[in-house]
Amino acid sequence: MGMALPLVANAPIGVFDSGVGGLSVLREIRRQLPAERLIYAADSGHAPYGDKSPAYVQRRAEHILRQFQRVGCKAVVVACNTVTGLSILALREQYPGWPIVAIEPAVKPAATLTRSGVIGVLATRNTVDSPGLARLIATHAAGVRVLPQACPGWVERVEHGELDGAQTEADVANRVRPLLAAGADVLVLGCTHYPFLRPVIQRVAGPDVTVLDPAPAVARELARRLAQTSSAAQDLAAGDVTFWTSGDPSHVGHVISLLWGQSVRPQPLPGGCA
Ligand code: DGL
């Protein structure tokens, strides 16, 4: 670990999450940067990260970064708010000089948008308790009431492809209604799995509530970093996506295909079960 890598334009970009949630970020990257070669690692064999110990989550992130380094990735995207909240400082310290772009809850735009002065942050238990979220709130949401809301079970629903239906709607309503009752007029999707529940969340919240997903901003930041290091890919025909998973490839392949909108066969995550 710990060494700077040469940034080669046609090298791949590694994108990862505890499971399939980071596909909500991957689709934005694919849309904005279609010439890039992308590797998506779904650590579904270890999902959810949201209720594991911080040390466990960091070990998983380090393992995946080692695999990205081994295949020569020119940049990494942490498509997992939980990893960002718990470990981003340590990961960047281990890999200075490697662009590591990381998603985080959209607290800053939410604080600008709210008219009621109350915003809800929907996230995993670990993100709600993380130093990263505390830093974000202290820096960007002075004078605004921020209500972090853990949403246990939502990640598992998305991992199983249960994006709708009475039970999913009841789960969503349970967590969202108290935020609305407290006056929230902006809801932040603070976990990359949750954009796949967005139609249900918006239905429960109603049309007057703004629901924010930071994925487009993450893809823009990645584009900016690649431009800065003159390492953006140019050949549109070379852009593609390879999928890795630590979960059962057939089950995960089925769910990725559903969310990605085309048939996908993931390869086993390299490096064994470290
Ligand atoms: N999708 C991840 C996030 O953005 C992690 C969810 C989990 O595994 O608990 O936080």
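Computed from a predicted structure; not experimentally measured.

Visitor: Go over the sheet that holds strand 7 (residues 186-189), please, and point to the residues and values.
Guide: The 4 strands lie next to each other as 6-5-7-8, forming an open sheet whose pairing is parallel. In the strand order of this sheet, the two ends are held by strand 6 (145-150) and strand 8 (210-212), each with one partner. Ignoring which end each strand starts from, the neighbouring axes of this sheet average 20° apart. By the bridge criterion, 3 bridges tie strand 7 to strand 8 in an arrangement that is parallel. If you follow V186 over to strand 8, its bridge partner there is T210. The sheet contacts of helix 8 (residues 166-181) involve strand 5 (118-123), strand 6 and strand 7, and relative to strand 6 the element is tilted by about 165°.

Visitor: Help me get a handle on the pairing of strand 2 (residues 37-42), residues and values and all.
Guide: Burial runs high along strand 2: 5 of the 6 residues are buried. A crossover links strand 1 (residues 13-17) with its parallel partner strand 2, the connecting element being helix 1 (residues 23-32), and its sense is right-handed. Two elements, strand 2 and strand 9 (residues 240-245), share 6 bridges in a ladder whose sense is parallel. Across the sheet, Y40 pairs through a bridge with F243, a residue of strand 9.

Visitor: How would you summarise the layout of surface pockets if you had to cite specific residues and measurements?
Guide: Rolled over the atoms, a probe with the dimensions of a water molecule shows which regions are left empty. By volume, the largest pocket amounts to about 410 Å³. Residue lining of the largest pocket: 22 residues in total, with A102, E104, P214, A217 and V218 positioned closest to the centre. Elements represented by at least two residues in the lining of the largest pocket include exactly strand 4 (100-102), helix 4 (107-113), helix 6 (131-140) and helix 10 (215-228). Of the residues forming the lining of the largest pocket, the biggest block, 6 residues, is contributed by helix 10. Grouping the amino acids of the lining of the largest pocket by side-chain chemistry returns 14 nonpolar, 1 polar and 7 charged. If you add up the space inside the second largest pocket, you get close to 170 Å³.

Visitor: Which residues make up the sheet that holds strand 10 (residues 267-268), and what are the values?
Guide: Overall, parallel pairing links the 6 strands, which are arranged 4-3-1-2-9-10 in an open sheet. The open sheet is flanked by strand 4 and strand 10, the only strands paired with a single partner. With 4 bridges joining them, strand 1 and strand 3 (residues 75-78) adopt parallel strand pairing. Paired with F16 across the strands is V78, a residue of strand 3. Along the sheet, helix 2 (residues 54-70) makes contact with strand 1, strand 2, strand 3, strand 4 and strand 9, crossing strand 1 at roughly 160°. Relative to strand 4, helix 3 (residues 81-94) is tilted by about 165°, and along the sheet it contacts strand 1, strand 3 and strand 4.

Visitor: Describe helix 1, naming the residues involved and giving the relevant values.
Guide: Listed in full, the buried residues belonging to helix 1 are L23, S24, V25, L26, E28 and I29. At its buried positions, helix 1 is contacted by strand 1, strand 2, strand 3, helix 10, strand 9 and helix 11 (249-260).

Visitor: Kindly report on the side chain of T82, identifying the contributing residues and their values.
Guide: By the element assignment, T82 lies in helix 3. With a relative accessible area of 4%, T82 lands in the buried category. Ignoring sequence-local partners within four residues, the contact set of T82 consists of Y49, G50, T124, N126 and T127.

Visitor: Which residues make up the nonpolar core, and what are the values?
Guide: In this structure, L23, L122 and I201 are the most contacted members of the largest nonpolar core, which totals 52 residues. Setting aside residues up to four positions removed in sequence, L23 forms contacts with Y40, F196, F243, I256, L259 and W260. C80, L91, A102 and W244 belong to the second largest nonpolar core, which has 22 residues in total.

Visitor: Describe in detail the pattern of salt bridges, supporting the description with residues and values.
Guide: Under the definition given, this model contains 9 salt bridges. As a salt-bridge pair, D43 and R60 come within 2.7 Å of each other at their nearest N and O atoms. Placement of D43 in the loop between strand 2 and helix 2 and of R60 in helix 2 is noted, with a sequence separation of 17 residues between them. Each of the two residues, D43 as well as R60, counts as buried.

Visitor: Mind laying out the site of the ligand, listing which residues take part and the relevant values?
Guide: Around the ligand, the structure places 13 residues, and the nearest of them are S18, Y49, G50, T82 and H193. In the model, an oxygen atom of the ligand is placed 2.7 Å from a nitrogen or oxygen of the T82 side chain. For the ligand, the accessible surface in isolation is 300 Å², of which the surrounding protein chains cover 99%. Of all the cavities here, the one that holds the ligand is the largest cavity. Residue composition of the shell around the ligand, by class: 5 nonpolar, 7 polar and 1 charged.

Definitions and cut-offs
Residues numbered from 1 in each chain as written. Predicted model: local features only at pLDDT ≥ 70, side-chain atom pairs only at ≥ 80, totals over all residues. Heavy atoms only, no water. Pairing = 2+ DSSP bridges. Helix = DSSP H or I, 4+ residues; strand = E, 2+ residues; numbered from the N terminus. Axes fitted to C-alpha atoms, helices over the stretch in contact; angles between N-to-C directions. Contact = heavy atoms within 4.5 Å. Buried < 20%, exposed > 50% of the residue type's maximum accessible area, 1.4 Å probe, protein only. Right-handed = clockwise from strand over helix to strand, strands pointing away. 1 Å grid on protein atoms, 1.4 Å probe; cavity = no way out; pocket = protein on both sides within 12 Å on 5 of 7 lines; lining within 4 Å. Points joined across faces, edges and corners; volume = space filled by probe spheres on them. Nonpolar A, V, L, I, M, F, W, Y, C, P; charged D, E, K, R; others polar. Core = buried A, V, L, I, M, F, W, Y, C linked by side-chain atoms within 4.5 Å. Salt bridge = Lys/Arg side-chain N within 4 Å of Asp/Glu carboxyl O. Near = heavy atom within 4 Å. Polar contact = N/O pair within 3.5 Å; in protein donor to acceptor, adjacent residues only side chain to side chain. Areas by Shrake-Rupley, 256 points an atom, 1.4 Å probe, with all protein chains shown as cover. Sits in = over half its atoms within 2 Å of the grid points.

So, to be careful, I would describe these as geometric facts and stop short of saying anything about function.
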